[in-house]
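Architecture and fold: a report
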Amino acid sequence: WYWQKEKREPYVKFMEANYPPGFSYENFGPLFTAEFFDPNQWADILKASGAKYVVLTSKHHEGFTLWESKYSWNWNAVDVGPKRNLVAELATSVRNRTDLHFGLYHSLFEWFHPLFLEDATNGFKTRKFPTSKSLPELYEIVTMYQPEILWSDGDGNAPDTYWNSTGFLAWLYNDSPVRDTVVTNDRWGRGSICTHGGFYTCSDRYNPGHLLPHKWENCMTIDKKSWGYRRDAQLDDYLTIEDLVKQLVETVSCGGNLLMNIGPTHDGRIAVVFEERLRQMGAWLKVNGEAIYGTKPWRAQNDTITPEVWYTFSPKEGKVNAIFLNWPVSGTLQLGEPQAKLGETQVKLMGYKEPLKWVALGEKGMMIALPQLSPTQLPCQWGWTLQLADIN
């Protein structure tokens with residue numbers, strides 16, 4: 001898009017410097033080889049990350065499908081490039097080796113498809129593209145791969161009536177093979193984002209920092225600048241595990257889910273830096289998962305006295321979780337929100353056995369004495385959770 005449509009100078013120059021003269025986008029097809037793609041290894045990394053669902057980009061705005069689509073002849077991963085059905089392989093591995101819910105991303109529109117461009121020229125009064133390409137593909141991936149999350153994107157500035165989104169969604173929720181399990185997002189046509197949908201995405205990298213009345217998702221990237229893989233990325237361009245834990249905690253406190261993007265390589269690998277971040281997140285969740293999984297937002301999302309303290313509520317246990325991102329130098333943590341009850345309230349540090357001592361601060365708030373631990377004795381290295389039982 002930047003290179004061929006907007007003709008942005010850095011992209012045009014990059015192509016001129018690094019590819020033969022007259023190189024077209026289609027020439028990338030055979031270069032996408034995926035020779036190192038091992039879906040079992042991917043599934044194991046995803047499982048180790050502590051994730052509960054995974055969403056694979058089955059087709060992006062340039063129209064190349066990662067499955068053998070009848071509607072994308074000679075522009076798919078089975079006919080060109082890898083000569084493999086990547087959607088089917090990953091779906092099988094994820095289902096055989098993990099308990100993750102398998103989801104698929106699908107772009108409604110395609111930047112350069114002649115039928116879409118024709119419909120757009122006609123002000124979307126004609127519907128050649130959705131009827132012959134986009135909708136048949138959606139029915140095809142749902143029927144063949146039965147995704148439990150359908151992540152739609154790219155409305156091409158066309159209304160939902162052009163895409164027949166309501167017709168498709170009625171089938172999806174009433175008659176499709178995943179009607180009892182499927183969840184969808186909010187990108188089904190111009191004006192539907194953040195207004196209609198199973199969960200709202202609102203915008204890319206959306207993190208409002210306050211409670212929303214509807215379930216939402218923060219869909220963001222570990223590489224600050226890109227949704228894909230960049231060969232020239234510097235270490236500085238990647239979010240650190242501290243950054244990622246902060247994103248997760250803020251998101252969940254405010255009623256959202258985190259969808260953390262990684263860009264694999266043309267030869268089918270998850271780059272080592274992405275694998276490390278995913279495994280670090282999994283290590284953090286092994287200790288603090290109870291403050292994340294199955295939780296609901298509490299009456300306060302973050303603390304009024306101490307910054308970088310975020311709350312979640314575990315309804316089953318009736319416990320409030322206070323996740324703090326900075327270990328206080330003083331060894332005591334002051335919380336302004338919880339109302340403790342003398343002789344009843346118990347405070348526990350997740351990953352540490354002994355209960356912690358605390359004192360109430362007037363009507364509301366409490367001062368908690370943290371255990372004196374050496375760096376190696378800490379339950380984890382980036383962000384810690386206090387579990388508060390029996391508080392008002």
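Residues numbered from 1 in each chain as written. Predicted model: local features only at pLDDT ≥ 70, side-chain atom pairs only at ≥ 80, totals over all residues. Heavy atoms only, no water.

Before going further, it helps to spend a moment on the overall build of the protein. Of regular secondary structure, the protein possesses ten helices and 14 strands. Relative to the compact-globule value of 21 Å for 392 residues, the protein shows a C-alpha radius of gyration of 24 Å, a close match. Seen along its three principal axes, the alpha-carbon backbone of the protein occupies a region of about 70 × 45 × 40 Å. The proportion of buried residues among the 392 residues of the protein is 50%. Long-range pairs, those at least 24 residues apart, make up 64% of the contacts in the protein with a sequence separation of at least 6. As displayed, the protein has an accessible area near 19,100 Å², and 53% of this comes from carbon and sulfur atoms. For the protein, the centre of its 39 positive side-chain charges and the centre of its 45 negative side-chain charges are spaced 2 Å apart. (Helix = DSSP H or I, 4+ residues; strand = E, 2+ residues; numbered from the N terminus. Rg over C-alpha atoms; globule rule 2.2 N^0.38 Å. Buried < 20%, exposed > 50% of the residue type's maximum accessible area, 1.4 Å probe, protein only. Contact = heavy atoms within 4.5 Å. Areas by Shrake-Rupley, 256 points an atom, 1.4 Å probe, with all protein chains shown as cover. Lys, Arg positive; Asp, Glu negative; His and termini not counted. Charge placed at Lys NZ, Arg CZ, Asp CG, Glu CD.)

This part covers helix 3 (residues 39-48). Pro39, Trp42, Ala43, Ile45 and Leu46 are the residues of helix 3 that are buried. Summarising the axial view, the buried residues of helix 3 lie within an arc of 165°, below the 170-degree limit, and thus occupy one face. Looking at the buried side of helix 3, the elements it contacts are strand 1 (53-59), helix 4 (86-97) and helix 10 (272-288). Measuring from the side-chain oxygen of the N-cap residue of helix 3 to the backbone nitrogen of Asn40 gives 3.1 Å; that N-cap residue is Asp38. Where helix 3 terminates, the next one or two residues include Gly50, which has phi positive at roughly 80°. (Arc of directions from axis to C-beta. Polar contact = N/O pair within 3.5 Å; in protein donor to acceptor, adjacent residues only side chain to side chain.)

This part takes up the state of the cysteines. A complete count under the given rule lists one disulfide for this structure. The residue that forms a disulfide with Cys194 is Cys202, at a sulfur-sulfur distance of 2.0 Å. Classification of the bridge connecting Cys194 and Cys202 rests on its S-S torsion, roughly 70°, and on that basis the disulfide is right-handed. Assessed through its relative accessible area of 33%, Cys194 is described here as partly exposed. Left without a disulfide partner, Cys254 is nearest to the cysteine sulfur of Cys202, which lies 13 Å away. What makes Cys254 buried here is its relative accessible area of 0%. (Disulfide = S-S within 2.5 Å.)

Quick look at the UniProt feature "domain: Alpha-L-fucosidase C-terminal" (unreviewed entry) in the protein now. Per the UniProt annotation, the sites labelled "domain: Alpha-L-fucosidase C-terminal" (unreviewed entry) are residues 301-388. In this annotation, residues 301-388 is assigned 0% helix and 39% strand; the end-to-end C-alpha distance for the span is 15 Å. (UniProt positions renumbered as here; feature names shortened; annotations may be inferred.)

Here five strands make up an open sheet; going across it, the order is 7-8-14-10-11 and the pairing antiparallel. Edge strands, defined here as strands with exactly one partner in the open sheet, are strand 7 (309-314) and strand 11 (355-356). Examined bridge by bridge, strand 10 (residues 346-349) and strand 14 (residues 384-389) share four bridges and lie antiparallel to one another. Bridge pairing links Gln346 to Ala389 in strand 14. (Pairing = 2+ DSSP bridges.)

The next subject is the packing of aromatic side chains. By the definition in use, this model includes 31 aromatic pairs. For the pair Phe32 and Phe64, a centre-to-centre distance of 6.0 Å together with 70° between the ring planes defines the contact as edge-to-face. Here Phe32, found in the loop between helix 2 (28-31) and helix 3, pairs with Phe64, found in the loop between strand 1 and helix 4; they are 32 residues apart in sequence, far enough to count as distant. Look at Phe109 and Phe116: their rings are 5.4 Å apart centre to centre, the planes differ by 75°, and that puts the pair in the edge-to-face class. For the pair shown, Phe109 and Phe116 are each scored as buried. By the ring-pair criterion, three or more aromatic residues cluster together here, those being Trp3, Tyr19, Phe23, Tyr25, Phe28, Phe32, Phe64 and Trp75. For Arg8, the ring lying beneath its charged end belongs to Tyr2, and the centroid distance is 3.7 Å. Directly above the aromatic system of Tyr293 lies the positively charged group of Lys52, at a separation of 4.5 Å from the ring centroid. (Phe/Tyr/Trp six-rings, centres within 6.5 Å; stacked < 30°, edge-to-face > 60°. Lys NZ or Arg CZ within 6 Å of the ring centre and 35° of its normal.)

A word on the pattern of salt bridges. Counted according to the given criterion, the structure contains 22 salt bridges. One salt bridge connects Asp153 with Arg187, and the closest N-O pair in it is separated by 3.0 Å. A residue pair is termed long-range when its members are at least 10 positions apart, and Asp153 in strand 3 (residues 149-153) and Arg187 in the loop between strand 4 (183-184) and strand 5 (216-221) qualify at 34 residues. The shortest N-O distance in the salt bridge between Glu337 and Arg299 comes to 2.7 Å. Residue Glu337 is found in the loop between strand 9 (332-335) and strand 10, and its partner Arg299 is found in the loop between helix 10 and strand 7; the two are separated by 38 residues along the sequence. (Salt bridge = Lys/Arg side-chain N within 4 Å of Asp/Glu carboxyl O.)

This part takes up the UniProt feature "site: May be important for catalysis" (unreviewed entry) in the protein. Those places that UniProt annotates as "site: May be important for catalysis" (unreviewed entry) correspond, in this numbering, to Cys219. Relative to the helices and strands, Cys219 is located in strand 5. Its relative accessible area of 7% is what places Cys219 among the buried residues.

With respect to topology, three strands assemble into an open sheet ordered 9-13-12, the strand pairing being antiparallel. The sheet is open, and its two edges are formed by strand 9 and strand 12 (358-360), each paired on a single side. Looking at each pair of strands side by side, their axes are set apart by 15° on average, direction ignored. As paired strands, strand 12 and strand 13 (residues 366-369) are joined by three bridges and run antiparallel to one another. (Axes fitted to C-alpha atoms, helices over the stretch in contact; angles between N-to-C directions.)

Assignment of secondary structure puts Thr251 in helix 9 (residues 241-253). Exposure remark for Thr251: the relative accessible area of 0% places this residue in the buried category. Polar side-chain contacts of Thr251 include one of 2.6 Å to the backbone oxygen of Gln247. The residues touching Thr251, leaving out its near neighbours within four places in the chain, are Asn207, Trp216, Asn218, Gly256, Asn257 and Leu258.

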